[in-house]
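Here is what each chain is made of, one letter per residue.
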Amino acid sequence: MNSHAVELRNVGKDYKYFRLNDISLSLPTGSITGFIGVNGAGKSTTIRILLGLVHQDRGSVQVLGQTMPDQQVLAKREIGYVSEDMRLYPKANLAWHMQFIQSIYPNWDQAYAEHLLKRFDLRAEQKIKGLSHGQRVKATLLLALAHRPKLLVLDEPTTGLDPVARQEVLSALMEVLADEQRTILFSSHNTLDVEQISDQVAFIDQGTIIEATSKEDLLDLWRRLRVRIEPGQSLAELPHIVQQQGNGQLQSLITNRYSPELHQIYQQAGLEIQAVEYLTLEEIFVASIQARREGKTL
Amino acid sequence: MNSMIKHLVRKDWQINRTMMVIYIGAMLIANLMLLADPNNIVFGIGVILIFTILFILCIHLTTSNVISEYSQKTLTFIMSLPVSARHYAIAKLTANLSMFCVPWLMALVSSWLIILTRDTLPDGLTALVSLGLVEILLSYCLIMMLGIVTESQHGAIAAMAIANLGFQGFLWGMLKIPAIAQHRNSNELAWNSTELSILALQLVVIIGLLGTTLLIQQRKTNFI
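About the thresholds
Residues numbered from 1 in each chain as written. Chains lettered and ligands numbered in written order. Predicted model: local features only at pLDDT ≥ 70, side-chain atom pairs only at ≥ 80, totals over all residues. Heavy atoms only, no water. UniProt positions renumbered as here; feature names shortened; annotations may be inferred. Helix = DSSP H or I, 4+ residues; strand = E, 2+ residues; numbered from the N terminus. Buried < 20%, exposed > 50% of the residue type's maximum accessible area, 1.4 Å probe, protein only. Contact = heavy atoms within 4.5 Å. Areas by Shrake-Rupley, 256 points an atom, 1.4 Å probe, with all protein chains shown as cover. Lys, Arg positive; Asp, Glu negative; His and termini not counted. Charge placed at Lys NZ, Arg CZ, Asp CG, Glu CD. Axes fitted to C-alpha atoms, helices over the stretch in contact; angles between N-to-C directions. Parallel < 35°, antiparallel > 145°, perpendicular 65-115°, else oblique. Left-handed = near helix turned anticlockwise from the far one by under 90°. Nonpolar A, V, L, I, M, F, W, Y, C, P; charged D, E, K, R; others polar. Salt bridge = Lys/Arg side-chain N within 4 Å of Asp/Glu carboxyl O. Polar contact = N/O pair within 3.5 Å; in protein donor to acceptor, adjacent residues only side chain to side chain. Pairing = 2+ DSSP bridges. Core = buried A, V, L, I, M, F, W, Y, C linked by side-chain atoms within 4.5 Å.

By the naming in an unreviewed UniProt entry, chain A is ABC transporter, taken from Herpetosiphon geysericola. Quoted verbatim from the Sequence similarities (unreviewed entry) field of UniProt, the annotation for chain A is "Belongs to the ABC transporter superfamily."

Looking only at helices and strands, chain A features 10 helices and 14 strands. Dimensions of chain A along its principal axes, counting C-alpha atoms only, are 70 × 40 × 40 Å. When the 298 residues of chain A are sorted by exposure, 53% land in the buried category. Expressed as a percentage of contacts within chain A between residues at least 6 apart in sequence, the contacts between residues at least 24 apart total 71%. Element-wise, carbon and sulfur atoms account for 46% of the exposed surface of chain A, whose accessible area totals about 13,100 Å². The distance from the centre of the 31 positive side-chain charges to the centre of the 35 negative ones in chain A is 8 Å.

So, on to the UniProt feature "transmembrane region" (unreviewed entry) in chain B. Residue and element names in this part refer to chain B. Sequence positions flagged by UniProt for "transmembrane region" (unreviewed entry) are, in local numbering, residues 20–36, 42–62, 97–116, 128–149, 155–175 and 196–216. The span residues 155–175 is 100% helical and 0% strand by assignment, and the distance between its end C-alpha atoms comes to 30 Å. The distance from the first to the last C-alpha atom of residues 196–216 is 30 Å, and the span holds 100% helix and 0% strand.

What follows is about the packing of helix H6 (residues 125–150) of chain B against helix H7 (residues 153–176) of chain B. Geometrically, a packed helix pair is captured by the angle between its two axes and the distance between the axes. Residue and element names in this part refer to chain B. Interaxial distance between H6 and H7 falls to 9 Å at its minimum, and their mutual angle equals 160 degrees. When the interaxial angle is binned, H6 and H7 end up roughly antiparallel. Between H6 and H7 lies a crossing of right-handed hand. Between H6 and H7, the contacting residues are Leu128, Leu131, Gly132, Glu135, Ile136, Ser139, Leu142, Ile143, Leu146, Gly147 and Thr150 on the first element and Gly155, Ala156, Ala159, Met160, Ile162, Ala163, Gly166, Phe167, Phe170, Met174 and Leu175 on the second. For the contact of H6 with H7, the per-class residue count stands at 15 nonpolar, six polar and one charged.

Turning next to the interface of chain A and chain B. Every contact between the two is made by 27 residues of chain A and, on the other side, 25 residues of chain B. In this assembly, chain A and chain B are joined by zero salt bridges. Inspection of the chain A/chain B interface yields 10 residue pairs in polar contact (both at pLDDT 80 or more). Elements represented by at least two residues in the side of chain A that touches chain B include exactly helix H2 (72–76) and helix H3 (94–104) of chain A. In terms of residues, the side of chain A that touches chain B owes the most to one element, H3(A), which gives six residues. Across the side of chain A that touches chain B, the residue classes tally to 16 nonpolar, five polar and six charged.

Overall, the coordinates contain 22 salt bridges over all chains when judged by the stated rule. For Lys43(A), the salt bridge identified is with Glu156(A), shortest N-O distance 3.1 Å. Of this pair, Lys43(A) sits in helix H1 (residues 43–51) while Glu156(A) sits in the loop between strand E7 (151–155) and helix H6 (163–176), and the two are 113 residues apart along the sequence. Judged by its relative accessible area of 9%, Glu156(A) is buried. For Lys92(B), the salt bridge identified is with Asp12(B), shortest N-O distance 3.0 Å.

All names here are of chain A. The pairing of strand E1 (residues 4–14) with strand E2 (residues 19–28) spans seven bridges and is classified as antiparallel. For glutamate 7, the partnering residue across the bridge sits in E2 and is serine 26. Counted along the chain from E1 to the antiparallel partner E2, the turn is four residues long.

For the rest of this paragraph, the subject is the sheet that holds strand E8 (residues 183–188) of chain A. Residue and element names in this part refer to chain A. Pairing is mixed in the open sheet, where six strands are placed in the order E6-E7-E8-E3-E9-E10. In this open sheet, the two edge strands, each paired with only one partner strand, are strand E6 (79–83) and strand E10 (208–214). In this sheet, neighbouring strand axes are inclined to one another by 15 degrees on average, regardless of whether the strands run parallel or antiparallel. As paired elements, strand E3 (residues 32–36) and strand E9 (residues 200–205) share four bridges and run parallel to each other. Opposite isoleucine 36, over in E9, you have phenylalanine 203 as the bridge partner.

Another point: the nonpolar core. Leu50(A), Leu142(A), Leu173(A) and Phe100(B) are the most contacted members of the largest nonpolar core, which has 160 residues in total. In terms of residue count, H6(B) provides more of this core than any other element does, 16 residues in total. For Leu142(A), the residues in contact, after removing those within four places along its chain, are Met98(A), Trp108(A), Ala113(A), Leu116(A), Leu117(A), Phe120(A) and Leu122(A). Grouped together as the second largest cluster of nonpolar side chains are 12 residues, Val227(A), Leu253(A), Tyr258(A) and Leu271(A) included.

With that out of the way, let us pick up the sheet that holds strand E4 (residues 58–63) of chain A. By way of backbone hydrogen bonds, the strands of a sheet pair with one another, either parallel or antiparallel. Residue and element names in this part refer to chain A. Reading across from one edge, E2-E1-E4-E5 is the order of the four strands in this open sheet, with antiparallel pairing throughout. On the outer flanks of this sheet lie E2 and strand E5 (66–68), each paired with one strand and no other. Between one strand and the next, the sheet's axes are offset by a mean angle of 20 degrees, whatever the strand orientation. Pairing between E1 and E4: five bridges, direction antiparallel. Note on E4: the bridge partner recorded for glutamate 7 is glutamine 62. The strands that H1 touches are E1, E2, E4 and E5; relative to E1, the one it contacts most, it runs at about 115 degrees.

In structure tokens form, the structure reads like this:
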């Protein structure tokens, strides 16, 4: 078994108004990766490339041991894909879709499909055109999950869902996380969703991966320090400061390399550290994007 | 045939079954009108109905089974399945052609039956009618090709306009060819070399259109 379900190496794609900048990204088998970026950052392009729906201009893509896009048919036998902009056939009902998918995937688990049907409060005989957006996403998720894929790719599945539907989708995902062999890539611009379910996190901005690491490391290394500084003291020379806010002597610093050693270095530089706080994933994401756009090296 | 292609063709038939029942039913009624009554008006309406059904089907099939996959975003769902661009293109061509060919074959067979069983209609007319129907098939292939390749309603409508003008020109041109005009009024069933050459050319163009569609689809690098 490969240690990585997905490996993108220096993958680039050029459009007229957008460029995917030779990104590299690896998803360890069994991991749940949150893929975070603002709208238009390149999340969907990356996902489409790894599914073979868009062919990269440069670089190599390996998905479940298959080279993409050439071996996409073999790879897609083991992939479940749900996308916010994916639509099922409006004139057909969910039962028809279930039968259609069942005829294609030998691994289709009918009992699990029926379990999900009840869990999502869906009716198989209802036509797709009569479903709400939330129901449509849940129907698509059901179809993707019930053939027991090794790789589940979710492109903004919770976008536009009401809070209840969103929680149902996230709970269903939590449930499938029990399978340690299944790899999940979950893209969103909603960091709260990603924070709930992911163990790996990748940030993408303007076609470039700016961070790809474990969520725990990220939450552990990024801290906000509330400090008091001497009048006229400059913080410019201090290492690993991503963001600085505040006026006068009371300042708020964000660092992405927090450690007891760094704490000591700041103290030795004359900072009076009053508090050290954890950041939410959203705060880390926003700070990384801002720092990168200001030209800082993280 | 690859099993995935079969699944996709069956899927297209199932999704469009209501539409196909209506078209096949309408074609059946048109054929019955030709068969049932020797009255010229009913016969004439039947002939017009057959051509109308085929022309509407040309654009309807292309919009409902090709363009709508792009506009309704069902293509993302289909392309997420274990299917390649080549599989998809072959399946789409097979499904659309087979759906079009059912009423088209009904029109072809019934026109032959009627011409050959009616004393008032010369047997030589079968060649002209057949060439006209093959021209409609060719028009359909053109509309379908542009629909698949351009992925837009505008492309299909432009193709429809070209095909419609082409068909009018084709009929006008056919009647200007002495060998065809003479054969049309004779009771000779066998096709002459002019008619066979035109048929061969039409078939080459049809194969060319289908081949070009496959080639272009296979070379595409963005599917959604």
